[in-house]
Amino acid sequence: MSTETLPSEQADAGGSVFSSKNVLRVFFEKWPLAVLLALSWIALLVIIVAFAPFIAPYDYLAISLTDRLAPPLFLGGGWAHPLGTDELGRDVLSRLLMSVRISIVIAFLSTLIAATLGVSLGFIAAYFRGKVEQLVLMLIDAQAAMPFMIIALAVLAFFGNSLMLFTILMGFYGWERIARIARGLALSANEQGYATAVRDIGASPWRIYGRHILPNIASTLIVSMTLNFPEVILLESGLSFLGLGVQPPLSSLGNMVGYGRDYIQSAPWIMLAPSVVIVLTTLAISIVGDWLRDLFDPTLS
Amino acid sequence: MFAYILNRVARAVLTLIIIVSLAFVILRMSGDPAIMILGPEAPPQAVEAFRKAWGLDQPIWVQYAKYFGAVIQGDLGNSMRDGRAALEVVWERVPLTLAITVPALLLNILIGLPAGVLAALFRNTAYDRLIMMVSVIGFTVPSFVMGLTLSLLLAVWLRLLPSGGSGTVAHAVLPVVTMGIIGAAVIARFTRSAMLEVLGQPYIRTASAKGVPWSQVITRHALANAAIPTMTIIGFMVGSLVAGAVVVESVFSWPGVGRLLVTAVANRDLAVVQVILLLIGFTMVAANLAVDLLYGWVDPRMRTKTATAGA
């Protein structure tokens, strides 16, 4: 995408006669509409994550049995509960905001864990080579060979569930891809002049990898983290949907869909609202991730 | 070719041994099964009796050797909840899972492959964009949302199909379609990029430059080469058939292995979980082996390369 937009932009800047009336076009070529929409959605999510308890019109746990299963606005409900209420009369909008918060925070922490784990192991493999590298590569292959959903279910069965364990478990999702990328990039960085130069000056491996190689490969790593993020959201919501992820009284987007499923006949809005948020969120982050990838590193696609 | 097959089979067997051993390690690491089943307040005599009954009072290597011997003989313990053989509990669910996953897989391949190939051949046309837009579904819509949406439309509102349960063909339609659409999207996207990669290769240019008709270039040169990466992803999907069914079976209350896994995890019925893990492990290994052998058949380079590397 960027390879097409950049030359035209330069041509415009270089005194083309069409430059003045193409300002808008140039802008949209640089910032495609889909990317702008995706970024706005992500900005909205960030605001929700930061301020959910203040925005939410009700306490997300407040039960009001007189308001059970009130329909949302688009099905003829009132402004008191814009997205309706659930089987216990809890406000769906308030629950949705809190669920977004939990889901995003889990996905964010997990992605950070996966990135730390992946980069460390990738660097260790690249630094030590030999047997250590073989071991890391074997771990990568083993992780990639088994569907992660199954590994997660097994761990939850064997070790039980807590929010902390669950978040760490999600952090094991995708580390192998990041490790593979980090190792490859570190190996090729080692061949380049700057790494050799700092090594010859006598810099420690920590300094070479942390201060020189890491910043140089950061853009690619950020892209792969961005692409990991929506997949963690899908995994988390899937497990929570099955009742094996985030446990009540906390609520995540998957939980809401899971409980809403029982009311799919009488109150489909309970399940629809979080479903829409999940799809829009994964879509938005994927769009931004693809866009960043094309921007930073067209060779990756 | 024989060395290649031997190499692959040896690796498959090694992986199986690792999986079986890993299951044992995790099972023992997860804490004292006696306490877990009987509860922390159980009287010491009961715990002792339980340990003796399950062989937990012996040294760990004896337990491992016994466990390994038992696994080879197909004895995988009893369901810790209802006392029946865990293998039997799982085995009776397998046909039900196959009944929805195999048609779904066929649907994936029948839709996904042609869609991906056509999208690559008509790259950057409206047709390509349409296919890629639809295939985004496979990556952004979780299967439970897809399943529930289809269920809302076709079962709740239009009342064409049952929304859950099993017994008739109609019950299988929604689970099959849900898995079919999502898998097809994944295969289509993968096939497209594999095809694009191949179409950019010099030998394609050479073939068309020396006068081979374009349709021949596609069928004889492009498809054969794009088949290799595509086979990998299809192999992975075959291997993860049971895994893929976990969520969908739960959405539609389909009593297969996937749903059994969810209830076993929720009840912490470790013997059943372990049998399902081994079953999935075996399927993955078998699918990988099949793909490896197919590689050797499709691509002669693989045979010689791996044979020399393995020697």
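Rules used in this analysis
- Residues numbered from 1 in each chain as written.
- Chains lettered and ligands numbered in written order.
- Predicted model: local features only at pLDDT ≥ 70, side-chain atom pairs only at ≥ 80, totals over all residues.
- Heavy atoms only, no water.
- Helix = DSSP H or I, 4+ residues; strand = E, 2+ residues; numbered from the N terminus.
- Buried < 20%, exposed > 50% of the residue type's maximum accessible area, 1.4 Å probe, protein only.
- Contact = heavy atoms within 4.5 Å.
- Areas by Shrake-Rupley, 256 points an atom, 1.4 Å probe, with all protein chains shown as cover.
- Lys, Arg positive; Asp, Glu negative; His and termini not counted.
- Charge placed at Lys NZ, Arg CZ, Asp CG, Glu CD.
- Expected span 1.5 Å × (residues − 1).
- Bend = angle between axes of the 7 residues up to and from the residue.
- Buried area = accessible area lost by both parts, 1.4 Å probe.
- Polar contact = N/O pair within 3.5 Å; in protein donor to acceptor, adjacent residues only side chain to side chain.
- Nonpolar A, V, L, I, M, F, W, Y, C, P; charged D, E, K, R; others polar.
- Core = buried A, V, L, I, M, F, W, Y, C linked by side-chain atoms within 4.5 Å.
- Phe/Tyr/Trp six-rings, centres within 6.5 Å; stacked < 30°, edge-to-face > 60°.
- Salt bridge = Lys/Arg side-chain N within 4 Å of Asp/Glu carboxyl O.
- pLDDT = per-residue confidence, 0-100.

### Looking at the overall build of chain A
And step 1. Secondary structure summary: chain A contains 12 helices and zero strands in total.
And step 2. Overall, chain A shows an N-to-C arrangement of helices and strands of α-α-α-α-α-α-α-α-α-α-α-α.
And step 3. When the backbone C-alpha atoms are referred to their principal axes, chain A occupies close to 75 × 65 × 30 Å.
And step 4. The burial tally for chain A puts 48% of its 301 residues in the buried class.
And step 5. Considering only contacts in chain A between residues 6 or more positions apart, those separated by 24 or more positions represent 69%.
And step 6. Surface exposure of chain A reaches about 14500 Å², of which carbon and sulfur atoms provide 69%.
And step 7. Across chain A, 17 positive and 20 negative side-chain charges occur, with their mean positions spaced 6 Å apart.

### Side note on helix α3 (residues 33-55) of chain A
Residues and elements named next belong to chain A.
And step 1. Across its 23 residues, α3 extends only 28 Å between first and last C-alpha, which sits more than 12% below the 33 Å expected from 1.5 Å per residue.
And step 2. The principal kink in α3, of about 60°, is found at V49, preceding the proline P53 by one to four residues.
And step 3. Those residues of α3 not exposed but buried are V35, A38, L45, I48, V49 and A52.
And step 4. Buried residues along α3 sit in contact with α4 (92-128) and α12 (269-296).

### Describing the interface of chain A and chain B
And step 1. The interface of chain A with chain B comprises 32 residues on the first partner and 36 residues on the second.
And step 2. Interface area for chain A against chain B, summed over the two sides, is near 3000 Å², with a carbon-plus-sulfur share of 81%.
And step 3. Per-residue buried area on chain A facing chain B is highest for I150, A157 and F158 of chain A; these three make up 21% of the total on that side.
And step 4. For the pair chain A and chain B, the number of links is two residue pairs in polar contact (both at pLDDT 80 or more).
And step 5. Looking at the side of chain A that touches chain B, the elements that each hand over two or more residues are α5 (130-145), α6 (148-159), α10 (205-241) and α12 of chain A.
And step 6. Looking at side-chain class alone, the side of chain A that touches chain B contains 24 nonpolar, seven polar and one charged residues.

### Quick word on helix α14 (residues 257-267) of chain B
Along an α-helix, a turn takes 3.6 residues, which lines up residues three or four apart on a common side.
And step 1. Within the sequence span of α14 of chain B, burial applies to V257, G258, L260, L261, V262, A264 and V265 of chain B.
And step 2. Looking at the packing, one finds that the buried side of α14 of chain B touches α6 of chain A together with α5 (86-91), α6 (94-121), α13 (241-251) and α15 (270-298) of chain B.
And step 3. Positive backbone phi, at 55°, marks R268 of chain B, one or two positions downstream of α14 of chain B.

### Regarding the nonpolar core
Residues and elements named next belong to chain A.
And step 1. Of all hydrophobic cores here, the largest spans 105 residues; its most connected members are I150, L153 and M170.
And step 2. Beyond its immediate sequence surroundings of up to four residues, M170 is in contact with I106, S110, F148, A152, V232, L235, E236 and L239.
And step 3. In this structure, A115, V119, F123 and V198 belong to the second largest nonpolar core, which totals 16 residues.

### Concerning the environment of L292 of chain A
And step 1. Assignment of secondary structure puts L292 of chain A in helix α12.
And step 2. The spacing of L292 of chain A and T66 of chain A is 226 residues in sequence and 49 Å in space, taken between C-alpha atoms.

### Some words on the environment of A170 of chain B
Residue and element names in this part refer to chain B.
And step 1. Locating A170 in the fold gives a position in helix α10 (residues 169-199).
And step 2. What makes A170 partly exposed here is its relative accessible area of 31%.
And step 3. For the pair A170 and P59, spaced 111 residues apart in sequence, the C-alpha to C-alpha distance is 53 Å.

### Things to note about the packing of aromatic side chains
And step 1. Throughout the structure, instances matching the rule amount to eight aromatic pairs over all chains.
And step 2. Taking 5.3 Å as the distance between ring centres and 80° as the angle between the ring planes, the aromatic pair formed by F148 of chain A and Y173 of chain A counts as edge-to-face. Here F148 of chain A, found in helix α6, pairs with Y173 of chain A, found in the loop between α7 (163-171) and α8 (175-190); they are 25 residues apart in sequence, far enough to count as distant.
And step 3. Measuring from centroid to centroid gives 6.1 Å for F122 of chain B and Y127 of chain B, while their planes differ by 80°, and the two rings are edge-to-face.

### Observations concerning unusual backbone geometry
All names here are of chain A.
And step 1. Cis rather than trans, the peptide bond between P248 and P249 has omega equal to 10°.
And step 2. Relative to the assigned elements, P249 resides in the loop between α10 and α11 (253-260).
And step 3. In this model, R129 sits at a positive phi of 50°, which is unusual for a non-glycine residue.
And step 4. Looking at the element boundaries, R129 is found in the loop between α4 and α5.
And step 5. Under the relative-accessibility criterion, R129 is labelled partly exposed at 41%.

### Focus on the pattern of salt bridges
Residue and element names in this part refer to chain A.
And step 1. Counted according to the given criterion, the structure contains seven salt bridges over all chains.
And step 2. For D290, the salt bridge is made with R293, and the minimal N-O distance between the two is 3.3 Å. Taken together, the residues D290 and R293, both in helix α12 and three residues apart, mark about one turn of the helix.
And step 3. What makes D290 partly exposed here is its relative accessible area of 27%.

### A look at the confidence of the model for chain B
Low pLDDT marks regions whose predicted coordinates should not be analysed in detail.
All names here are of chain B.
And step 1. Confidence in the prediction of chain B, expressed as mean pLDDT, is 81, and 91% of residues score 70 or more.
And step 2. Per-element averaging of pLDDT across chain B places helix α16 (residues 300-310) at the bottom with 56 and α6 at the top with 90.
And step 3. Contacts for the low-pLDDT stretch residues 306-311, under 50 throughout, to residues beyond four places or in other chains number six contacts.
And step 4. Scored as a complex, the prediction yields pTM 0.81 and ipTM 0.79.

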